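Residue-level structure breakdown
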Amino acid sequence: MRTKIALSWSSGKDSAWTLHLLRQRADIEVAALITTFNCNADRVAMHAVRRGLVEAQADRVGLPLWPVELPWPCSNADYEQLMGAVCRRAVDTGLTGIAFGDLFLQDIRDYRERQLQGAGLTPLFPLWQIPTAELARDMIRGGVQAKLTCVDPRKLDRSFAGSGFDREFLNSIPPEVDPCGENGEFHTFVHNAPVFSRPIEVRSGEVVERDGFVFADVAPA
């Protein structure tokens, strides 16, 4: 019997690599992708990726997308209520867990575990504590192609917004920046990965600064 789970899907590299690793396991079947959207912007929360591009990702990996529609601004109470609803949907559908692409932030893991406590769902963390320099290189060697859609200019120079997540990028970032951006230095959008049936053709668009972050728009080519 294979355990059916959902995957928290941010549209970025960590989500894509998590799916890649999970699909190599004989005991697990990923049955759905869960993505939070900012309703006002119609984009992925924080990553600022267009909804249509996430739908294209779901098509490429052959999984249904379960959108979580977040108001803006969104209180923690609102967030937890909406996530509770998607957890109930997962249980009702026969799923028994949710996988996350978290790497090493213990407080984030603790929060997710508290969220799922009593929900009938087991949290899974397939990338947990893999050294991020090694993980970043493995992703790139493994065929993950991504663009930086959001940069925190307090941690990484704004000029990196819109750049590719590749060897050149890893060689260019300062040593204090985590190679996977786990401390919030940057977020990405994956346009090709080993779990994709075919690439998503995209182009880099306008770069804007908003709410203290630098966002690079990624649009269908």
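Here is a short report on the structure shown in this document.

Conventions used here
- Residues numbered from 1 in each chain as written.
- Predicted model: local features only at pLDDT ≥ 70, side-chain atom pairs only at ≥ 80, totals over all residues.
- Heavy atoms only, no water.
- Helix = DSSP H or I, 4+ residues; strand = E, 2+ residues; numbered from the N terminus.
- Expected span 1.5 Å × (residues − 1).
- Buried < 20%, exposed > 50% of the residue type's maximum accessible area, 1.4 Å probe, protein only.
- Arc of directions from axis to C-beta.
- Contact = heavy atoms within 4.5 Å.
- Axes fitted to C-alpha atoms, helices over the stretch in contact; angles between N-to-C directions.
- Parallel < 35°, antiparallel > 145°, perpendicular 65-115°, else oblique.
- Left-handed = near helix turned anticlockwise from the far one by under 90°.
- Nonpolar A, V, L, I, M, F, W, Y, C, P; charged D, E, K, R; others polar.
- Pairing = 2+ DSSP bridges.
- Salt bridge = Lys/Arg side-chain N within 4 Å of Asp/Glu carboxyl O.
- Phe/Tyr/Trp six-rings, centres within 6.5 Å; stacked < 30°, edge-to-face > 60°.

1. Quick word on helix α3 (residues 76-92)
Helix length check: α3 (17 residues) gives 24 Å between terminal C-alpha atoms against 24 Å at 1.5 Å per residue, within 8%. Considered for burial, the residues of α3 that qualify are Y79, M83, V86, C87 and A90. One face of α3 carries all of its buried residues, which in axial projection span an arc of 105°. Seen from the buried face of α3, the exposed residues on the opposite side, beyond 90 degrees, are A77, Q81, R88 and D92. On its buried side, α3 packs onto β2 (28-38), β4 (65-70), β5 (97-99) and α4 (106-116). Once α3 finishes, G94 follows within two positions and takes phi at roughly 95°, a positive value.

2. Some thoughts on unusual backbone geometry
With an omega of 0°, the peptide bond running from W72 to P73 counts as cis. Counting through the fold element by element, P73 comes out in the loop between β4 and α3. Of note in the backbone geometry, S11 takes a positive phi value of approximately 90° without being a glycine. When you line up the elements, S11 lands in the loop between β1 (3-8) and α1 (13-22). Judged by relative accessible area, which is 0%, S11 ranks as buried.

3. Points about helix α2 (residues 51-61)
Across the eleven residues that make up α2, a large majority, eight, are buried. Within α2, burial applies to R51, L53, V54, A56, Q57, A58, R60 and V61. Backbone geometry just after α2 places G62 at a positive phi near 70°.

4. Focus on the packing of α3 against α4
Running from N to C, α3 and α4 cross one another at 55°; their axes reach a closest spacing of 11 Å. By the angle between their directions, the pair α3 and α4 is classed as oblique. In the packing of α3 onto α4, the handedness of the crossing is right-handed. In this structure, α3 contributes N76, Y79, E80, M83 and C87 to the contact, and α4 contributes Y111, Q115 and L116. Considering only residue class, the contact of α3 with α4 consists of five nonpolar, two polar and one charged.

5. Focus: the pairing of strand β9 (residues 202-210)
Sheet analysis places β9 next to strand β10 (residues 213-220), joined by seven bridges and oriented antiparallel. Bridge pairing in β10 links V208 to F215. In textbook terms, the turn of a hairpin is the stretch between consecutive antiparallel strands, and for β9 and β10 this stretch comprises two residues, one of which, D211, has a positive phi near 55°.

6. Some points on the pattern of salt bridges
Going through the model one piece at a time under the given rule, you end up with 13 salt bridges. Taken together, the salt bridges that share partners define one network made up of D42, R51 and E69.

7. Some details on the sheet that holds β9
Spatial ordering of the open sheet is given by β8-β7-β10-β9, a layout of four strands whose pairing is antiparallel. Strands with a single pairing partner mark the edges of an open sheet, and in this sheet they are β8 (186-192) and β9. On average, adjacent strands in this sheet sit at an angle of 30° to one another, irrespective of strand direction.

8. Looking at the packing of aromatic side chains
The final tally for this structure, using the stated rule, is seven aromatic pairs. Each ring, one from F160 and one from F169, has its centre 5.6 Å from the other, and the planes form 85°; the classification is edge-to-face. F169 matches F160 in its accessibility class, with the two residues each being buried. Between F213 and F215, the ring centres sit 6.4 Å apart and the planes meet at 50°, which makes this aromatic pair tilted. We note that F213, like F215, is buried.

Structural measurements only, silent on function.
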